[in-house]
Amino acid sequence: MDPRDTAPDSWELEEDAEAPAAAAGLPSAFAALNVNAKPFVPNVNAPVFVPSFLQASAVEIPASDGAPDPVASMEVTEAVAPVENGSTEADMNTEEETWEQKEEPGGGGGGGGQEDMGPGEACEEGAARKEDEEMMMEEEEEEMPMPKVAPALPDAPKKEHVNVVFIGHVDAGKSTIGGQIMYLTGMVEKRTLEKYEREAKEKNRETWYLSWALDTNQEERDKGKTVEVGRAYFETEKKHFTILDAPGHKSFVPNMIGGASQADLAVLVISARKGEFETGFEKGGQTREHAMLAKTAGVKHLIVLVNKMDDPTVNWSLERYEECKEKLVPFLKKVGFNPKKDIHFMPCSGLTGANLKDPVSECLWYTGLPFISHLDSLPNFTRSSDGPVRLPIVDKYKDMGTVILGKLESGCISKAQQLVMMPNRHTVEVLSLLSDDVETDDASPGENLKLRLKGIEEEEILPGFILCSPDNLCHSGRTFDAQIVIIEHKSIICPGYNAVLHIHTCIEEVQITALICLVDKKTGEKSKTRPRFVKQDQVCIARLRAAGVICLETFKDFPQMGRFTLRDEGKTIAIGKVLKLVPEKD
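Residues numbered from 1 in each chain as written. Predicted model: local features only at pLDDT ≥ 70, side-chain atom pairs only at ≥ 80, totals over all residues. Heavy atoms only, no water.

Q: What's the story with the overall build of the protein in this structure? I'm lost.
A: When helices and strands are counted, the protein shows 19 helices and 21 strands. Out of the 586 residues in the protein, the part that is buried amounts to 50%. A fraction of 69% describes how many contacts in the protein between residues 6 or more apart in sequence connect residues 24 or more apart. In the structure as shown, the protein presents an accessible area of about 27300 Å², 53% of it carried by carbon and sulfur atoms. (Helix = DSSP H or I, 4+ residues; strand = E, 2+ residues; numbered from the N terminus. Buried < 20%, exposed > 50% of the residue type's maximum accessible area, 1.4 Å probe, protein only. Contact = heavy atoms within 4.5 Å. Areas by Shrake-Rupley, 256 points an atom, 1.4 Å probe, with all protein chains shown as cover.)

Q: I'm lost on the pairing of strand 8 (residues 402-407) in this one. Help?
A: Sheet faces and side chains relate simply in a regular strand, where the side chains alternate between the two faces. Within strand 8, 6 of the 6 residues are buried, which leaves the element mostly enclosed by the surrounding structure. Two strands pair when backbone bridges link them, and strand 7 (residues 390-398) and strand 8 are joined in this way by 5 bridges, in the antiparallel orientation. Pairing of Lys396 across the sheet is with Ile404, part of strand 8. Taking the residues that link successive antiparallel strands as the turn, the strand 7-strand 8 hairpin has 3 residues, and the phi of Met400 there is positive, at about 50°. Sheet analysis places strand 8 next to strand 14 (residues 448-454), joined by 6 bridges and oriented antiparallel. Bridge assignment links Gly406 to a residue of strand 14, and that residue is Leu449. (Pairing = 2+ DSSP bridges.)

Q: Help me understand the pattern of salt bridges, please; the structure alone is not making it clear to me.
A: Where side chains of opposite charge bring their charged atoms close, a pairing between them can arise. Under the criterion given, the structure shown has 20 salt bridges. For Lys454, the salt bridge is made with Glu429, and the minimal N-O distance between the two is 3.6 Å. On the criterion of sequence distance, the pair formed by Lys454 in strand 14 and Glu429 in strand 11 (residues 426-435) is long-range, its members being 25 residues apart. A relative accessible area of 45% means that Lys454 is categorised as partly exposed. If you follow the salt bridges from partner to partner, you end up with Arg273, Glu276, Lys308 and Asp311 in one network. (Salt bridge = Lys/Arg side-chain N within 4 Å of Asp/Glu carboxyl O.)

Q: Explanation requested: the nonpolar core in the structure shown.
A: Buried together is how nonpolar side chains tend to be arranged in soluble globular proteins. Grouped together as the largest cluster of nonpolar side chains are 74 residues, with contacts concentrated most on Phe166, Ile181, Leu268, Val304, Leu328, Leu332 and Phe371. Once residues within four sequence positions are removed from consideration, Phe166 is found in contact with Lys174, Ile177, Ile181, Ile243, Leu244, Asp245, Ala246, Val267, Val269 and Phe371. Core analysis: the next-biggest nonpolar cluster, separate from the first, contains 25 residues, Tyr497, Ala499, Phe564 and Ile573 among them. (Core = buried A, V, L, I, M, F, W, Y, C linked by side-chain atoms within 4.5 Å.)

Q: Please clarify how the packing of helix 15 (residues 253-260) against helix 17 (residues 286-296) should be interpreted in this entry.
A: Angle between the axes and distance between the axes: these two values describe a pair of packed helices. Across the interface, helix 15 lies against helix 17 with an axial gap of 10 Å and an inter-helix angle of 35°. As helix 15 packs across helix 17, the resulting crossing turns out to be right-handed. Counted together, Val253, Met256 and Ile257 of helix 15 and Gln286, Glu289, His290 and Leu293 of helix 17 form the full contact between these two elements. Each residue belonging to the contact of helix 15 with helix 17 can be placed in one class, and the counts come to 4 nonpolar, 2 polar and 1 charged. (Axes fitted to C-alpha atoms, helices over the stretch in contact; angles between N-to-C directions. Left-handed = near helix turned anticlockwise from the far one by under 90°. Nonpolar A, V, L, I, M, F, W, Y, C, P; charged D, E, K, R; others polar.)

Q: Help me understand the environment of Asp311, please; the structure alone is not making it clear to me.
A: The residue Asp311 is located in the loop between strand 5 (301-307) and helix 18 (318-335) in this model. Residue Asp311 is classed as buried on the basis of its relative accessible area of 9%. When the C-alpha atoms of Asp311 and Arg273 are compared, they prove to be 6.5 Å apart, with 38 residues separating the residues in sequence. At 2.8 Å, the side chain of Asp311 forms a polar contact with the side chain of Arg273. (Polar contact = N/O pair within 3.5 Å; in protein donor to acceptor, adjacent residues only side chain to side chain.)

Q: Explanation requested: helix 17 in the structure shown.
A: Side chains of residues three or four places apart in an α-helix project in the same direction, reflecting 3.6 residues per turn. Counting buried positions along helix 17 yields 9 of 11 residues, so the element is predominantly enclosed. Along helix 17, the residues that are buried comprise Gln286, Thr287, Glu289, His290, Ala291, Met292, Leu293, Ala294 and Thr296. Phi for Gly298, located one or two positions after helix 17, is positive at around 95°.

Q: Can you help me understand the environment of Val229 in this one?
A: With respect to the element layout, Val229 can be found in the loop between helix 14 (218-223) and strand 2 (230-235). Sequence separation between Val229 and Phe166 is 63 residues, and the spatial gap between their C-alpha atoms is 9.6 Å. Residues contacting Val229, with those up to four places away along its chain left out, are Leu244, Asp245, Ala246, Pro247, Asn255 and Gly259.

Q: Would you mind going over the pairing of strand 11 with me for this structure?
A: Of the pairings in the sheet, the one linking strand 10 (residues 418-422) to strand 11 comprises 4 bridges and is antiparallel in character. Directly across from Leu419, in strand 11, lies its bridge partner Val428. Counting the residues that bridge the hairpin from strand 10 to strand 11 gives 3 residues, and of these Arg425 lies at a positive phi of roughly 55°. Summarising the sheet, strand 11 and strand 14 pair through 6 bridges and their orientation is antiparallel. Following the sheet pairing, Leu434 is matched in strand 14 by Lys450. With 3 bridges joining them, strand 11 and strand 12 (residues 438-440) adopt antiparallel strand pairing. Counted as the bridge partner of Ser435 is Val438 from strand 12.

Q: Just checking my understanding: could you explain the sheet that holds strand 6 (residues 343-347) for this structure?
A: Pairing is mixed across the open sheet formed by 6 strands, whose spatial order is 2-3-1-4-5-6. The two strands at the open ends of the sheet, each matched to only one other strand, are strand 2 and strand 6. The mean angle between the axes of side-by-side strands here comes to 25°, regardless of whether they run parallel or antiparallel. By the bridge criterion, 6 bridges tie strand 2 to strand 3 (residues 239-245) in an arrangement that is antiparallel. Paired with Gly230 across the bridge in strand 3 is Asp245. Across the sheet, helix 17 touches strand 1 (160-167) and strand 4 (265-271), and the angle it forms with strand 4 is around 175°. Packed onto the sheet, helix 18 meets strand 4, strand 5 and strand 6 and runs at close to 160° relative to strand 6.

Q: Help me understand the packing of aromatic side chains, please; the structure alone is not making it clear to me.
A: Two descriptors summarise a pair of aromatic rings, namely the distance from one centre to the other and the angle between the planes of the rings. Inspection of every chain in the model, using the stated rule, returns 5 aromatic pairs. Arranged with centres 6.3 Å apart and planes meeting at 65°, the rings of Phe166 and Phe371 form a pair that is edge-to-face. In this pair, Phe166 is assigned in strand 1 and Phe371 in helix 19 (residues 371-377), connecting sequence segments 205 residues apart. The burial state of Phe166 is the same as that of Phe371; both residues are buried. Ring centres 5.9 Å apart and planes at 75° place the aromatic pair Phe480 and Phe564 in the edge-to-face group. Of the two residues, Phe480 is situated in strand 16 (residues 476-486) and Phe564 in strand 20 (residues 563-568); the sequence distance between them amounts to 84 residues. The pair formed by Phe480 and Phe564 is uniform in burial state, with each residue classed as buried. Directly above the ring of Phe337 sits Lys295, whose terminal nitrogen or CZ lies 4.9 Å from the centroid. (Phe/Tyr/Trp six-rings, centres within 6.5 Å; stacked < 30°, edge-to-face > 60°. Lys NZ or Arg CZ within 6 Å of the ring centre and 35° of its normal.)

Q: Could you clarify how one ought to interpret the side chain of Thr242 in this entry?
A: Along the chain, Thr242 turns up in strand 3. Within polar-contact distance, the side chain of Thr242 engages the side chain of Asn163 at 3.4 Å.

Q: For this particular structure, what's the right way to read the side chain of Glu458?
A: Along the polypeptide, Glu458 turns up in the loop between strand 14 and strand 15 (466-468). Given the relative accessible area of 15%, Glu458 is considered buried. Sequence-distant contacts of Glu458, that is, excluding residues within four places in its chain, are made with Lys396, Tyr397, Lys398 and Thr402.

As structure tokens, this is what we get:
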């Protein structure tokens, strides 16, 4: 019992006076817990331990303990005290939890991986670190950080949620930059990275270790290529960012489109290394296609990171940086970004972390802010929180019920709310809400959510379905008229042409059933006669028919759900916007 008693003393010196007295009563309280739990009901002894863990003064404790406590054990029981005494399982939970609280301050145990930190440092990491740990901890420990997160919630909504998608050619360094940012903002521990570094060295891939923070499955690590869109989050002083790490390989562009459709802001990563920039930017490279898809997906602001500036062939040279810039600007302008307002260029090095958080001494010619500070200084995005609920579903899985993932495009969702899943019109109820893996009661637009739903099976949901408010359902149908711009297609396109439609998170096969008219690019005038075909670089209005029923809105009413891309044979053929929905003939 001795080490247990001394832990609180060494943790907080000002409580030395009362600690021995309190500690003396504790072992007996614990011994009594299993046999006769009655004395534990009033929760008298708990305050002694909580202050030592939370490092708060003894006066505040009843308040800060009383409030989060029910939250912490919400998953185990509805009513806290009575059931804990009644059921043995919950009983063990309580005991283990208090063990954890006593052990971790001592620095010896608590598998949170904080042994090599000083006690002060561990506490300074704050709620953000706690959220990150939660994912890796076991069930009992998961409840332990809750009190730490709960008090921070009132001030959480002040931080704006921004989704950042990293796009660019294969091997430009997207995942590495993502991993480096997570390390610099303290979301990945040094020890974890050292472990990755060792594992990567064994595979003779030591420069890949940072990207492993985002490329989590074995296939991605073996080949060094991202396949799925990786997700992670980090916080700055003013904002809460979600990193969406999109794949660069052309085989996985459909996944990348799904990632870009959730983003508010895109970071186009290009490699400054001799030869690499050129391959990424030439006709078959992904730099062009990704920039265009990001624009189509509705990303308004683009940050271009010129990566690998520390490479021996580049060595932070201004000439190379300007050369990349000169080649990119005309193209980005053609895609629809305004070079003065929407695009921001900055040099960096993902592997060394130069110019991501702190300015670089070698790069005196760059006077702007480093990357993370620049993200923080961006103006806020306007979002309609009073609009109807629209949540396009990105992914779904089974976990004690049906869980869906997606980004809330408009409206607000709260716990126990009734919503309707379109297009199959299932009424569902929200059982719990997780915003970036932190449980909340309500969510505002722009947040990445995990919702646990009641009233629908996981098999009945497909990515591309949409959660709507029952009083304002989103439109669904198969036929619609759209304005399309043919971007690259070798031959002509006639009615009867089939392609794959990507609209918000939905992927569906479509057929162009009729060409209605051509639109003049400069004047916007529509042709009087129906065209028989369209070819590259022409703009036309066409009627499209999807193979199945899809959810969509007109571009005018709801831009995020009215833009789409058409792809065929692994290339993006056209981009477009929905002009009107055609009702089905019965």
